[in-house]
Amino acid sequence: MARGPAGAAAVLGPLLWGCALALQGGMLYPRESPSRERKELDGLWSFRADFSDNRRQGFEQQWYRTPLRESGPTLDMPVPSSFNDVGQDGRLRSFVGWVWYEREVTLPQRWTQDLGTRVVLRIGSAHYYAIVWVNGVHVAEHEGGHLPFEADVSKLVQSGPLSSCRITIAINNTLTPHTLPPGTILYQKDTSKYPKGYFVQNTHFDFFNYAGLHRPVLLYTTPTIYIDDITITTGMDQNTGLVNYKVFVQGSEHFQLEVRLLDEEGKVVAQGTGDQGQLQVPSAYLWWPYLMHEHPAYLYSLEVRLTAQTEAGPVSDFYALPVGIRTVAVTENQFLINGKPFYFHGVNKHEDADIRGKGFDWPLLVKDFNLLRWLGANSFRTSHYPYAEEVMQLCDRYGIVVIDESPGVGIVLTQSYSNVSLQHHLEVMEELVRRDKNHPAVVMWSVANEPASYLKPAGYYFKTLIAHTKDLDPSRPVTFVTNSNYEADLGAPYVDVICVNSYYSWYQDYGHMEVIQLQLATQFEKWYRTYQKPIIQSEYGAETIAGFHQDPPLMFSEEYQKGLLEQYHLVLDQKRKEYVVGELIWNFADFMTDQSPQRAMGNKKGIFTRQRQPKGAAFLLRERYWKLANETRYHGSAVKSQCVGNSPFTF
Ligand code: GCB
């Protein structure tokens, strides 16, 4: 949804944010196929931050009308990347307001001349609010920094003799009580202490509000009659895999659809026609999580072929979607995948690294997955926002199970429970489900992290939000992540799984690891007694500066982190025999936060440093996770004897 931040408007000027459009169309990942081409726009873009007092000079002078360099000095800015840490300008690192990106693109001749080609601009993530122009013409607006959006730019690129186009994107990172995540702008009016017009942005979450074009930007083509969306749900009937499909087509009402399901060897195992149906796969290979089965992450390929007759001749479109056949269910004390108890032994992550901030980076991603597999982690939570689509694809391929979280983090102000906020949150869940619904790796939605769920309006807010998410996707459980310290949790009655964060002997009883076992056992018993739902310890951990050693352990040393984890594990080992179904360490790696006296250059609760080097706790967890994997592995079922999912490990 698009709207202007009430507080920010005074300083940042009356923003253009108007009223929201309802969610339209699909958001299939742009894949190449015989009928679809891609042109990646990653690389250097021209960049300019609007440092004017009201941050509105760019709009007043219409920087989108002519090349950005004509408006004044520009910088080279890599895409994808956050803009904050790549330069040497301290003002840019903490900049709040509008920044401008621009890129000239040369297009293949066919794209500009063939009117049967549809050209789409796709932006993987622009944090937080974005306005897009092509050749000076407004083509899209989007609110929310973690989900993709698109604009059909065919008419613009096909309207003249030009074979190039100019893409301008203005991005505003201002957060308000109604954005997700929320934030506030604080104006300091005491002129004896602050210069005139001084303001800062405050947030209630513990990571740096990096901004910019964080994920790939690209142009892709489809025919003008095209496959717009596909929805898959899967099931099992004895040994027969069931793949229910629904295909949405745009551009015509007269078309034929053929659907084929291929196994990993390219053999057709089922086929159908029409825009919806059920494919039955005898003796199906199931999609199993990493380490749960000797052949995890089996992926079929669903090939959808559209054909239509038009006055100009026949049109065809082709899209291939990876499909994993698996089921998910929740009982009073178990989380079941393919009908077998699944125990989450994994991590919480962040999209975060040196220099690039939250910018997508393949080497970093592959390193992270190699570390996850080394660790024996079978799962992670996308704390605290949706991650890049390429991350989700690797999870499918490697069998890493995902709790897919919305950017609902730091919802603590009463204003953030208003109808305006709720409406936006509902739409974000729609965008998230639309993007990630077909990933077998995604087994649960998390609508928020540690919202102030004890506030009165939280009951209605979460009831509505969770019900809506279940309507959008009845095939997956829904949760939100709570804090063990909350006296009341008005949202918990509506979740399927209790996810609870606690930091015993860290934020309370500092240094006293001897209280952990009692306090953690009390926590689990209290939550289970109240709700009779399976529980995941969704965060626990200790701040640790790599290389700090102290024995007997003191806080911030590697020994303390290990000692604290061990105390948690003693209780987890008892309770996982009853109703605890998972443990996710906080955090996979150190990450950047706002500056504060509590944070020494970011949050250091990683078991790896920000540069992905192990602290002592990584080895401790590795031993534990492999042991858990061997205990909880499912022995049975006839599966294909072939290495899938690139797993380098054998049992
Ligand atoms: C939490 C939050 C997480 C913080 C973590 C911490 O409960 O969910 O975002 O980073 O604690 O380290 O304080």
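Look above for the structure.
Cut-off values and rules
Residues numbered from 1 in each chain as written. Predicted model: local features only at pLDDT ≥ 70, side-chain atom pairs only at ≥ 80, totals over all residues. Heavy atoms only, no water. Near = heavy atom within 4 Å. Polar contact = N/O pair within 3.5 Å; in protein donor to acceptor, adjacent residues only side chain to side chain. Areas by Shrake-Rupley, 256 points an atom, 1.4 Å probe, with all protein chains shown as cover. Nonpolar A, V, L, I, M, F, W, Y, C, P; charged D, E, K, R; others polar. Pairing = 2+ DSSP bridges. Helix = DSSP H or I, 4+ residues; strand = E, 2+ residues; numbered from the N terminus. Buried < 20%, exposed > 50% of the residue type's maximum accessible area, 1.4 Å probe, protein only. Axes fitted to C-alpha atoms, helices over the stretch in contact; angles between N-to-C directions. Contact = heavy atoms within 4.5 Å. Core = buried A, V, L, I, M, F, W, Y, C linked by side-chain atoms within 4.5 Å. Expected span 1.5 Å × (residues − 1). Arc of directions from axis to C-beta.

Trainee: Describe the site of the ligand, naming the residues involved and giving the relevant values.
Mentor: Taken together, 13 residues surround the ligand, and among them Asp 206, His 384, Glu 450, Tyr 507 and Lys 605 come closest. Separating an oxygen atom of the ligand from a side-chain N or O atom of Asp 206 is a distance of 2.5 Å. In this structure, an oxygen atom belonging to the ligand sits 2.7 Å away from a side-chain N or O atom of His 384. Contact with the protein chains removes 91% of the 320 Å² of surface that the ligand exposes when unbound. Residues of the shell around the ligand, tallied by class, amount to four nonpolar, four polar and five charged.

Trainee: I'd like to hear about the pairing of strand 21 (residues 313–323), residue by residue, with values.
Mentor: Of the strand pairs in this sheet, strand 20 (residues 300–310) and strand 21 are connected by 11 bridges, and their pairing is antiparallel. Considered in strand 21, the bridge of Ser 301 is made with Pro 322.

Trainee: Summarise the environment of Glu 70; cite the residues concerned and give the values.
Mentor: Here Glu 70 lies in the loop between helix 2 (57–60) and strand 3 (75–79). On the basis of relative accessibility, which here comes to 54%, the residue Glu 70 falls in the exposed class. Along the backbone, Glu 70 and Tyr 385 are 315 residues apart, and their C-alpha atoms lie at a distance of 36 Å.

Trainee: Requested: an account of the sheet that holds strand 32 (residues 580–585), with residues and values cited.
Mentor: Picture the strands of a sheet paired through backbone hydrogen bonds; they go either parallel or antiparallel. Read once around its circumference, the closed barrel built from eight strands follows the order 25-26-27-28-29-30-31-32, with strand pairing classed as parallel. Each strand of the sheet is rotated relative to its neighbour by a mean of 25°, with strand direction disregarded. Of the pairings in the sheet, the one linking strand 30 (residues 498–501) to strand 31 (residues 535–539) comprises four bridges and is parallel in character. Paired with Cys 499 across the two strands is Ile 536, which belongs to strand 31. Across the face of the sheet, helix 7 (residues 389–398) comes into contact with strand 26 (379–381), strand 27 (401–405) and strand 28 (442–449) while running at roughly 155° to strand 27.

Trainee: Just give me the short version of the nonpolar core, but keep the residues and values in it.
Mentor: Among the nonpolar cores identified, the biggest contains 151 residues, and Leu 302, Phe 335, Phe 369, Phe 380 and Phe 462 are the most heavily contacted of them. The element best represented in this core is helix 12 (residues 616–632), accounting for eight residues. Beyond its immediate stretch of four places on either side in the chain, Phe 335 contacts Val 328, Ala 329, Val 330, Lys 340, Pro 341, Phe 342, Phe 344, Val 443, Met 444, Pro 477, Val 497 and Val 581. Counting residues in hydrophobic clusters, the runner-up holds 34 residues, among them Met 77, Val 79, Ala 130 and Leu 213.

Trainee: An account of the sheet that holds strand 17 (residues 256–262) is needed here, citing residue identities and associated values.
Mentor: Overall, antiparallel pairing links the four strands, which are arranged 18-17-20-21 in an open sheet. Taken across any chain shown, the strands that pair with only one partner, and hence form the sheet edges, are strand 18 (268–273) and strand 21. Neighbouring strand axes in the sheet, compared pairwise and without regard to direction, differ in orientation by 15° on average.

Trainee: Describe helix 10 (residues 516–531), listing the residues and the values that go with them.
Mentor: End to end, helix 10 covers 23 Å across 16 residues, agreeing with the expected 22 Å (1.5 Å per residue, within 8%). Taken residue by residue, helix 10 has Ile 516, Leu 520, Ala 521, Gln 523, Phe 524, Trp 527, Tyr 528 and Tyr 531 as its buried positions. Burial along helix 10 is one-sided: seen end-on, the buried residues are contained in an arc of 155°. Exposed and oriented more than 90 degrees from the buried face of helix 10 are Leu 518 and Arg 529.

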